[in-house]
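Observations on chain architecture
The primary structure of each chain is shown beneath.
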Number of protein chains: 4
Amino acid sequence: MKNTATLLISCPDRRGLVAAIANFLLTYNANILHADQYQDDDAGLFLMRIEWDLNGFTLDMSAFEAAFAPIAERCSMNWQLKRSTEKSRLAIFVSKYDHCLVDLLHRWQTGELGCDIPLILSNHEDCRRVADFYGVAYEVISVNKDNKQKAEARQRELMAEHRIDLIVLARYMQVLSHEFTAAFPNRVINIHHSFLPAFDGAKPYHRAHERGVKLIGATSHYVTEVLDDGPIIEQDVTRISHRDTVEHLIRKGRDLERIVLSRAVRWHLDHRVLVYGNKTVVFE
Amino acid sequence: MKNTATLLISCPDRRGLVAAIANFLLTYNANILHADQYQDDDAGLFLMRIEWDLNGFTLDMSAFEAAFAPIAERCSMNWQLKRSTEKSRLAIFVSKYDHCLVDLLHRWQTGELGCDIPLILSNHEDCRRVADFYGVAYEVISVNKDNKQKAEARQRELMAEHRIDLIVLARYMQVLSHEFTAAFPNRVINIHHSFLPAFDGAKPYHRAHERGVKLIGATSHYVTEVLDDGPIIEQDVTRISHRDTVEHLIRKGRDLERIVLSRAVRWHLDHRVLVYGNKTVVFE
Amino acid sequence: MKNTATLLISCPDRRGLVAAIANFLLTYNANILHADQYQDDDAGLFLMRIEWDLNGFTLDMSAFEAAFAPIAERCSMNWQLKRSTEKSRLAIFVSKYDHCLVDLLHRWQTGELGCDIPLILSNHEDCRRVADFYGVAYEVISVNKDNKQKAEARQRELMAEHRIDLIVLARYMQVLSHEFTAAFPNRVINIHHSFLPAFDGAKPYHRAHERGVKLIGATSHYVTEVLDDGPIIEQDVTRISHRDTVEHLIRKGRDLERIVLSRAVRWHLDHRVLVYGNKTVVFE
Amino acid sequence: MKNTATLLISCPDRRGLVAAIANFLLTYNANILHADQYQDDDAGLFLMRIEWDLNGFTLDMSAFEAAFAPIAERCSMNWQLKRSTEKSRLAIFVSKYDHCLVDLLHRWQTGELGCDIPLILSNHEDCRRVADFYGVAYEVISVNKDNKQKAEARQRELMAEHRIDLIVLARYMQVLSHEFTAAFPNRVINIHHSFLPAFDGAKPYHRAHERGVKLIGATSHYVTEVLDDGPIIEQDVTRISHRDTVEHLIRKGRDLERIVLSRAVRWHLDHRVLVYGNKTVVFE
């Protein structure tokens, strides 16, 4: 089994950053497996992902933070360290449409997604059978106008109980409150069934059909307090024609949604996504 | 050389339409080469494109209208008849960016576009050399706030003089007045450098970059009085990443614009496009 | 529920075919919902798909063949009549990889595939749990060099028992004998994990990796007696880079295989595919 | 104007390579603009592209080789140094089809391709007008069975006279001899009008049509002594249907060929392509 560490860094761009990081890792005999970097010249930002083998790495990982802190401070770095052996814990929120849920669970089972999935949360009973089949706990919390606050309080308790790192909204049809999303910054991924920023909001397939577009899309993004406006992780499109009814768009869209959402989740879990401003860098 | 006739029909849907049209053509010994139809159930509309060989067709084409009129009236048809030997006459409007212009002219020269191109019209001198190379007349009409009405009057004179059937806005940077576009209904094709309805209006590549989308697009559409809102003929997209600057988007976009615009123009010239409501049917 | 009939016709091209068919249907008051036709000029062939509503159709369907026979004979037609209410019966063959199986079963459950699936047949036990979840019978027939003939005999018995119309090889890792495939002409659909004709035969992802291609593909086709050479129904590709290992190709390929196979199966079930020579017409 | 240096390196993989290179550059105060690396674990190879600003770089470039040699030797590096101010000199070989030629020249004129194009070489007169329009010398050397050796000798003279760095075969219909291609290793780029390895050799569009594929492709690759077998730089595909005749494939293919060839040429000119074995790494 893979035993690697991944460092995600963003900081003001300056000379010597690559050398500083490479020298630090070399000091402890790191075998660098992947390194990818990006400078945003307009923003004056340096962003990097670097992954190395922990076999043969001579720095005890419990001492990493202390050892790396001087460099990080000197360069004003935001940084995160991720270990391949510490799996992220993922909760899937779902309503009635189960195609993204089934897809994520199957990918998880076949090993495409390196994570634990301790919990599926829904506002309906419909998907319980699927959850049972994959051996994942299934909690139902009904949400309506009157109980929303209370429902979210219970949801947040469940997130805490299950120590959830990442929430995936797999066609979950309730809008989360600002309080909720603020508690999970860049840790809630949604799939929106349009090519954002076109057709944000409700019923995108109906509106795409009405407008007569020749392609439909899907967009996975981090959820922020502005609906359908968070940093985009991935998008894709598929061709349609005048012959396609709304029902056809919905069917073709399901394939897009599955693929676009699963890519975003996988990249997040592999620590390939860095958010800056309202954008993402995906170190693919 | 091909000698065919193409009938484009739209009418309320009812039983017997295909039989009526097929029988009419068979009466005159038509060899049908292509037939394609589409019913819009919501709108209750029947739309059809049918092309047949004029070799062996026993109805004199000058008598077609009189012969077909009874059927057309009985079925409340909107219909157009096009003959492959009567080439459409196309005017290209261009400003300074010449990539779509050069592309269209090269396709025309290689026989991809079955049309005559008697005129290129611009608000700048820049593209005259290209026009000369391809042997097309090049007229410059400067447009500014003060002379717009007069400029358009002159443009319309030129359209009349050259008996223009179709105007192609090949990155022409002036907005045409409602009066102008109303004079050429479904006969002005524009290329917009975004995936409409996203990023309509000015500077779409800049706004795409700012929003952090993962694909950029281009859209060809008929021009109506609402900017960037006419019936869409064709769209396509290409993948970008965080590494792509606005300049990269502009470069990648040029390839999209060329291909999306040229497809729309070719389909229009081949009488494959039917507009209904604010949509198109493309009988590809 | 939809109650339609679909006629698939191929015959030598000649004048009057459309009129003959349209008139026949109009005689019985057919409301034509879709009609699509294609002429192969080189082969001199006319191919057509026509679907009409059976509500209001005045010819009793049990009398269709007798009524249509004179036209069919006069025009030397090959024709098939399909009714939407008579669902095809599908058997899925699978080995150990379950991604196509799970995908097809989920699509079936959500109503994307208008068929019955009475049987899953495998040479391994691995996928039984999935079959049970979807409530489909699961039969295991081990196949090896020594028992192949006997195994196929048993398979054919099962096909007969379950009155199977279409066999889908969902990454089934055994090559079927000529006798077997000859018994199901154009009724066995396979998914091959390459862009045929490139990388036919074994280990296509490994060979694609070795060759350094920049795209990988998948191909669904009818099975004939020549391996990976039958009429192609659908193909698609996805982009890869030098960074992708064989394992990555296998993962990315799974998404392709699912989509390409499911499209082919859906088109077949909707009677949209006509085979002629070693090619297909897909009336999409 | 950009004033940068780019280092392309390949060497056996080992610890400390990134640090060694980064430290070397930092010693001379390099501002790294882009760095991208790749390890091929199977081959045990490390490949890197690193580009830095020469403004502020304190090592005189004439002394670079001497200064870098110790590191290069210690690590058994193959390396090339490229300066953005030293434009590659490109010769385009063309026969009668001019679509790739026109495309490359237009891109060159608009600044997409950072190179000089001193020469167009053809075995026909047809494209002279285009060459004249863009102000590029046009040399015609007829090639036939009898004079091939002599013709190539003259071609090589012209390459030498014009100090050509890169030869682009823009649908040049003559096969170059082994001697010729051996003289320009990884410096001759061809466009083949199929998705290699499918349909290598002659008439790929005809063969694609005959096989009934649902997508056609184009491949740009370095020319080696085995026909259509060199390292692939870029590939792309476009969808076709049963309706597309060979002529349609040829038309659709022209768009593919233009785009796939121009990408390969641009990447090569931007020093983004490293060949290893029979593959390429494209540091895009």
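Described below are features of the structure shown in this document. (Residues numbered from 1 in each chain as written. Chains lettered and ligands numbered in written order. Predicted model: local features only at pLDDT ≥ 70, side-chain atom pairs only at ≥ 80, totals over all residues. Heavy atoms only, no water.)

Each helix and strand in chain A was counted, giving 8 helices and 13 strands. By the compact-globule yardstick of 19 Å for 284 residues, chain A fits well, its C-alpha radius of gyration being 21 Å. Each of the three principal axes of chain A carries a C-alpha extent, and together these read 60 × 40 × 35 Å. Put simply, chain A has 284 residues, and 60% of those count as buried. A total of about 11,300 Å² of accessible surface is found on chain A, and carbon and sulfur atoms cover 47% of it. Here chain A carries 35 positive and 38 negative side-chain charges, and the mean point of each set is 4 Å from the other. (Helix = DSSP H or I, 4+ residues; strand = E, 2+ residues; numbered from the N terminus. Rg over C-alpha atoms; globule rule 2.2 N^0.38 Å. Buried < 20%, exposed > 50% of the residue type's maximum accessible area, 1.4 Å probe, protein only. Areas by Shrake-Rupley, 256 points an atom, 1.4 Å probe, with all protein chains shown as cover. Lys, Arg positive; Asp, Glu negative; His and termini not counted. Charge placed at Lys NZ, Arg CZ, Asp CG, Glu CD.)

Time to look at the sheet that holds strand 9 (residues 188-192) of chain B. Residue and element names in this part refer to chain B. One open sheet holds the 7 strands; their spatial order is 7-6-5-8-9-10-11, and the pairing between them is mixed. The sheet is open, and its two edges are formed by strand 7 (137-140) and strand 11 (232-239), each paired on a single side. Between one strand axis and the next, the sheet turns by 20° as a mean value, whatever way the strands run. Looking at chain direction, strand 8 (residues 166-169) and strand 9 are connected through 3 bridges and run parallel. Its bridge partner being in strand 9, I167 is matched across the sheet by V188. On top of the sheet, helix 3 (residues 99-109) reaches strand 5 (88-94), strand 6 (115-122), strand 8 and strand 9; it is set at about 160° to strand 6, its chief contact. (Pairing = 2+ DSSP bridges. Axes fitted to C-alpha atoms, helices over the stretch in contact; angles between N-to-C directions. Contact = heavy atoms within 4.5 Å.)

The transformation that overlays chain B on chain A combines an axial shift of 0.0 Å with a rotation of 180°, and the residual RMSD is 0.0 Å. Overall, the copies show the geometry of a two-fold rotation axis. For chain B, the minimum C-alpha distance to the rotation axis belongs to A198 of chain B and amounts to 2.3 Å. Here 100% of the contact residues of chain B are again contact residues in chain A; the copies associate through an equivalent surface. (Least-squares fit on C-alpha atoms with pLDDT ≥ 70 in both.)

The subject of this paragraph is the packing of helix 1 (residues 17-27) of chain B against helix 1 (residues 17-27) of chain C. Close contact between helix 1 of chain B and helix 1 of chain C brings their axes to 8 Å; oriented N to C, the two are set at 140°. By the angle between their axes, helix 1 of chain B is oblique relative to helix 1 of chain C. By crossing handedness, the relation of helix 1 of chain B to helix 1 of chain C is classed as left-handed. Residues V18, A19, A22, N23 and L26 of chain B of helix 1 of chain B pack against V18, A19, A22, N23 and L26 of chain C of helix 1 of chain C. Its residues assigned to classes, the contact of helix 1 of chain B with helix 1 of chain C comprises 8 nonpolar, 2 polar and no charged. (Parallel < 35°, antiparallel > 145°, perpendicular 65-115°, else oblique. Left-handed = near helix turned anticlockwise from the far one by under 90°. Nonpolar A, V, L, I, M, F, W, Y, C, P; charged D, E, K, R; others polar.)

Turning our eyes to something else, we now look at the relation of the copies chain D and chain A. Expressed as a screw transformation, the operator carrying chain D onto chain A has a rotation angle of 180° and an axial translation of 0.0 Å, and the superposed copies differ by an RMSD of 0.0 Å. Here 100% of the interface residues in chain D have copies in chain A that are interface residues too; the copies meet face to matching face.

The subject of this paragraph is the packing of helix 3 (residues 99-109) of chain A against helix 8 (residues 246-269) of chain A. Residue and element names in this part refer to chain A. Axis separation between helix 3 and helix 8 bottoms out at 9 Å; the angle between their running directions is 45°. Taken together, the axes of helix 3 and helix 8 lie oblique to each other. In terms of crossing hand, the pair formed by helix 3 and helix 8 is right-handed. In this structure, helix 3 uses H99, C100, D103, L104 and R107 to contact helix 8, whose residues at the interface are R254, E257, R258, I259, L261, S262 and V265.

The step from L196 of chain A to P197 of chain A runs through a cis peptide bond, and the omega angle for that step is 10°. Structurally, P197 of chain A is set in the loop between strand 9 (188-192) and helix 7 (204-211). Phi at K203 of chain B takes a positive value of approximately 50°, unusual for a residue other than glycine. By the secondary structure assignment, K203 of chain B is in the loop between strand 9 and helix 7 (204-211). Residue classification places K203 of chain B among the exposed residues on the basis of a relative accessible area of 54%. Positive phi outside glycine occurs at D228 of chain D, with the angle close to 60°. Turning to its location among the elements, D228 of chain D is positioned in the loop between strand 10 (215-222) and strand 11 (232-239). Since its relative accessible area comes to 9%, D228 of chain D is described here as buried.

This paragraph deals with the interface of chain B and chain A. The partner chain A presents 34 residues to the 34 residues of chain B that form the contact. Summing the contributions of chain B and of chain A, the shared interface buries around 2,900 Å²; its carbon and sulfur component is 52%. For chain B, the biggest contributors to the area lost against chain A are R211, K214 and H242 of chain B; these three give 25% of the whole. The shortest N-O distance in the salt bridge between D236 of chain B and R239 of chain A comes to 3.6 Å. Remark: the boundary between chain B and chain A carries 22 residue pairs in polar contact (both at pLDDT 80 or more). If you list the elements that add at least two residues to the side of chain B that touches chain A, you get strand 2 (31-40), helix 7, strand 11 and strand 13 (279-282) of chain B. (Buried area = accessible area lost by both parts, 1.4 Å probe. Salt bridge = Lys/Arg side-chain N within 4 Å of Asp/Glu carboxyl O. Polar contact = N/O pair within 3.5 Å; in protein donor to acceptor, adjacent residues only side chain to side chain.)

So, about a negative patch on the surface. Taken together, E247 of chain C together with D13, D41 and D42 of chain D make up a surface patch of like negative charges. What makes D42 of chain D exposed here is its relative accessible area of 73%. (Patch = residues over 30% accessible without salt bridge, like charges linked within 9 Å, V, L, I, M, F, W, Y side chains within 5 Å.)

Moving on to helix 7 of chain B. All names here are of chain B. Within helix 7 the residues assigned to the buried category are P204, Y205, A208, H209 and R211. Projected onto a plane normal to the axis of helix 7, the buried residues spread over an arc of 165° and lie on a single side. Backbone geometry just downstream of helix 7 places G212 in the positive-phi region, at approximately 75°. (Arc of directions from axis to C-beta.)

This next bit is on the pattern of salt bridges. Taken as a whole and judged by the stated rule, the model has 76 salt bridges over all chains. Residue R128 of chain C pairs with E125 of chain C through a salt bridge whose shortest N-O separation is 2.7 Å. For the salt bridge of D103 of chain D with R107 of chain D, the shortest nitrogen-to-oxygen distance reads 2.7 Å. Of the two residues, D103 of chain D and R107 of chain D both sit in helix 3 (residues 99-109), 4 residues apart, roughly one turn of that helix. Just as D103 of chain D is buried, R107 of chain D falls in that class too.

Let us now look at the interface of chain D and chain A. Contact with chain D, which involves 18 residues of that partner, is made by 18 residues of chain A. Both sides of the chain D and chain A interface together cover about 1,500 Å² of buried area, and 49% of this is carbon and sulfur. Along the contact surface separating chain D from chain A lie 0 salt bridges. Viewed at the interface, chain A and chain D are joined by 7 residue pairs in polar contact (both at pLDDT 80 or more). Elements with a contribution of two residues or more to the side of chain D that touches chain A: helix 1 (17-27) and strand 2 (31-40) of chain D. It is strand 2 of chain D that provides the largest number of residues to the side of chain D that touches chain A, a total of 7 residues. Of the residues belonging to the side of chain D that touches chain A, the class tally is 8 nonpolar, 8 polar and 2 charged.

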